[in-house]
Structure formats: structure tokens, C-alpha cells
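The residues making up each chain are set out below.
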Amino acid sequence: MAHFTVIGLGRFGITASLELIHLGHTVTGIDIDEKLAEQYASDLTQTLICDATDERAMAELNLSDSEAILVAIGEDMQASLLCTLHLKNLGAGQIWVKANSTAHHTILSKLGVQRIIHPEEEMGTRVAQALNYPMVNDYLSIGHGLYVVEITLPASKKPQQVQHLIQGFERSIHCLLIKRGSALISAPSSVTEMQEGDLLLLCGPREALVRIAPRLV
Ligand code: ATP
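Cut-offs applied
Note on numbering: residues in each chain are counted from 1, in written sequence order. The predicted origin of the model limits local features to residues at a pLDDT of at least 70 and limits the giving and counting of side-chain atom pairs to 80 or more, whereas totals for whole chains, interfaces and linings rest on all residues. The basis for every side-chain value is the complete set of non-hydrogen atoms in the structure, without hydrogens or water. A helix here means a DSSP run of H or I that spans at least four residues, while a strand means a run of E at least two residues long, and both kinds are numbered starting from the N terminus. Two residues qualify as a contact provided that any one of their heavy atoms is within 4.5 Å of a heavy atom in the partner residue. Three exposure classes are used, based on accessible area relative to the maximum for each residue type with a 1.4 Å probe and protein chains only: buried under 20%, partly exposed in between, and exposed over 50%. Strands are labelled as partners when DSSP assigns at least two bridges between them. A clockwise course of the path from the first strand over the helix to the second, judged with the strands pointing away from the viewer, identifies a crossover as right-handed. Axis geometry follows a simple rule: fit a line to the C-alpha atoms, using only the stretch in contact for helices, then measure angles between N-to-C directions, giving values from 0 to 180 degrees. One heavy atom within 4 Å of a molecule or strand makes the whole residue count as near it. Throughout this description, a polar contact denotes any pair of N or O atoms lying within 3.5 Å of each other; where both atoms belong to protein, one of them has to be capable of donating a hydrogen while the other can accept it, and for residues adjacent in sequence the pair is counted only when both atoms sit in side chains. Classes in brief: Ala, Val, Leu, Ile, Met, Phe, Trp, Tyr, Cys and Pro nonpolar; Asp, Glu, Lys and Arg charged; the others, Gly included, polar. Centres within 6.5 Å are what make two rings of Phe, Tyr or Trp a pair, Trp counting through its six-membered ring; a difference in plane orientation under 30 degrees is then read as stacked, over 60 as edge-to-face, and the rest as tilted. The term disulfide is used for any two cysteine sulfur atoms that are within 2.5 Å. A patch consists of residues whose relative accessible area exceeds 30% and which take part in no salt bridge; residues with like charges are grouped when within 9 Å of each other, and nonpolar side chains (Val, Leu, Ile, Met, Phe, Trp, Tyr) when within 5 Å. Each accessible area is a Shrake-Rupley estimate made with a 1.4 Å probe; only the visible protein chains count as cover when residues are assessed. In the sections that follow, a salt bridge refers to a side-chain nitrogen of Lys or Arg positioned within 4 Å of a carboxyl oxygen of Asp or Glu.

Visitor: What's the story with the side chain of D31 in this structure? I'm lost.
Guide: Mapped onto the secondary structure, D31 falls in strand β2 (residues 26–31). Contacts of D31, omitting those with residues within four sequence positions, involve G8, L9, G10, L36, L48, I49 and C50.

Visitor: Got a minute to help me understand the pairing of β2 in this structure?
Guide: Every regular strand shows the same layout, with side chains that alternate between the two sheet faces. The buried fraction of β2 amounts to 6 of the 6 residues, a majority that puts the element mostly inside the structure. On β2, burial covers both faces: T26, T28 and I30 on one face and V27, G29 and D31 on the other are all buried. With 5 bridges joining them, strand β1 (residues 3–7) and β2 adopt parallel strand pairing. Paired with T5 across the strands is T28, a residue of β2. Traced from β1 through helix α1 (residues 11–22) to β2, the parallel crossover comes out right-handed. Bridge count between β2 and strand β3 (residues 46–49): 4 bridges; the pairing is parallel. Note on β3: the bridge partner recorded for I30 is L48. In this view, the connection linking β2 to its parallel neighbour β3 by way of helix α2 (residues 34–39) has right-handed handedness.

Visitor: Mind showing me how you'd approach the sheet that holds strand β7 (residues 136–143) here?
Guide: Hydrogen bonding along the main chain pairs the strands of a sheet, whether they run parallel or antiparallel. Ordered by their spatial adjacency, 5 strands build an open sheet running β7-β8-β13-β10-β11, and the pairing between neighbours is antiparallel. Bordering the open sheet on either side are β7 and β11 (183–186), each of which pairs with just one other strand. For this sheet, the mean angle separating the axes of adjacent strands, direction not counted, is 15°. Of the pairings in the sheet, the one linking strand β10 (residues 174–180) to β11 comprises 4 bridges and is antiparallel in character. Among the inter-strand pairings, I178 is bridged to a residue of β11, identified as I185.

Visitor: Please clarify how the site of the ligand should be interpreted in this entry.
Guide: Neighbouring the ligand are 18 residues; R11, F12, D31, A52 and K98 lie closest to it. Separating an oxygen atom of the ligand from a side-chain N or O atom of D31 is a distance of 2.6 Å. Looking at the shell around the ligand residue by residue, the classes come out as 8 nonpolar, 4 polar and 6 charged.

Visitor: Sorry if this is basic, but what is going on with the packing of aromatic side chains here?
Guide: The way to describe two aromatic rings as a pair is by their centre distance and the angle between their planes. Per the stated rule, a full pass over the model turns up 1 aromatic pair. On the basis of an interplanar angle of 50° and a centroid distance of 5.8 Å, the ring pair of Y139 and Y147 is categorised as tilted.

Visitor: Whenever I open this one, the state of the cysteines confuses me. Can you help?
Guide: Note on terminology: disulfide describes a covalent bond linking the sulfur atoms of two cysteines. Tallied over the entire structure, the rule returns 0 disulfides. The thiol sulfur of C83 is not disulfide-bonded, and the nearest other cysteine sulfur, from C50, lies at 8.6 Å. Judged by relative accessible area, which is 0%, C83 ranks as buried.

Visitor: Sorry if this is basic, but what is going on with a nonpolar patch on the surface here?
Guide: Residues L140, I142 and L146 make up a contiguous nonpolar surface patch of about 250 Å² in total accessible area. Here I142 shows up in strand β7.

Visitor: Explain the environment of H144 here, please?
Guide: Residue placement: H144 occurs in the loop between β7 and β8 (146–152). Expressed as a C-alpha distance, the spacing of H144 and P205, which sit 61 residues apart in the sequence, is 8.4 Å.

Take a look at the structure:
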């Protein structure tokens, strides 16, 4: 369990906060809007009313015990940037910031922000990927062009071995896990048989994963 601080309890900030609570963490939610702070007081570990552009007020908050601070002020770029600058000056560790525009992104990266989030673009990409490859439940970019994808083997699929699925891509695609009901088959071998309804975790370059996609339909 870790402690997180979320600044800005708009739709994005509160959704992230509630998910962190759901995952078993503690969350301090901060907003300039008194009504929002009151509204979510019982859902989060604590909520505070504070203007995040006020460095003195921010210095009085105990931010050092947070594993990471998420700045979820999107619309008011000036407020988002000032808040981020104050957090940097106050020596905050991990800072994640939601950006609303390219200019916002550029300045945040100059400030040395570890993770800049573009929720609409990120969600748009995910939705497009899901529409393009309906068999892909979810995917995660792990850098250097590599992805981990979660796939459910369709009911129409006859049992086949892992080696048949990744044939021609044995060096680039790795089957990390098969989940069958509640059973897990970790690091399956090339001759492990996959069955309809199995959930697979495959890792590899995007290009190779796209090439084997038709074998999964
Ligand atoms: P969303 O799409 O998540 O609803 P948004 O991108 O439209 O949000 P805003 O609505 O501008 O962004 O801001 C999100 C929250 O941040 C709001 O609840 C707002 O009250 C809060 N906020 C804005 N400025 C400050 C500030 N200076 N200090 C603290 N909170 C702030």
C-alpha cells in the first residue's frame, strides 16, 4: 500500500483517486473548490481545500509522504504549470501531470516532469486499437517498440500449440502466460496446447504482433 496525492478533483482526478483507493492505496485529494473537497471527503482518505498555485499554502501540506503526486488540473494551463513548479521547488519526488495541449506538454517536459498524461489521446489510441484488433482485450507499451497484449482465444478456435500461433516469429514474440479459468500456466513452452477461451499474454514488437493477429480470429 502506498500514499498518493491528487491535485484537482475533476472527472480525471477523481476517477484516478477512486481507482487508487479501490487498489488499496491511500489518497489525499486536493482542490481549490470547497464543494468538491467536501463531496469526496468520505470517498478518499482525506481531502483538502487548497489553491495549488499558492506556493506557501502548498508548502504547508505534507506532500513528502506521497509515493507520487498527480496534477490533474487540465484546463487552466497556468495553474497546472505553477503547481508543478511549486512541487519541484518543494522537492516532491514522482510528479505526474495531465497535459491538455502540445504547448503544455513542452513546458512540462522542460520542467522535468516524469510522466505527462494525455488522457483523450491515450484513450483514443486504445479504442482504435481495440476496434482494429477486436481480439485484443488490452495492451501495454513497455518501451523500445515492445508491447504486452492480452488476448482471449475465440470459442471458434480449435486447440493449437503455442508454436503454431507464433510460427515465423519465435525470436520476437513470447507467450508469457496462459490463464485458463482460474488456473495460470506461466512461461508456457512451444508445445503447450492453447484452448478456446484461454486468455494469453503475448509480448513482442508491434509489427510482429500485428502480423500474427489474423491467426487469432
Ligand atoms: P476534467 O476533464 O478532469 O474534469 P479539466 O481538464 O477540465 O478536468 P479543470 O476542470 O480545469 O480540468 O480542473 C480539474 C480540477 O482542478 C477542478 O476540480 C478544479 O477545481 C481544480 N483546480 C483548478 N485550478 C486549481 C488550483 N489552482 N488549485 C487546486 N485545484 C484546482
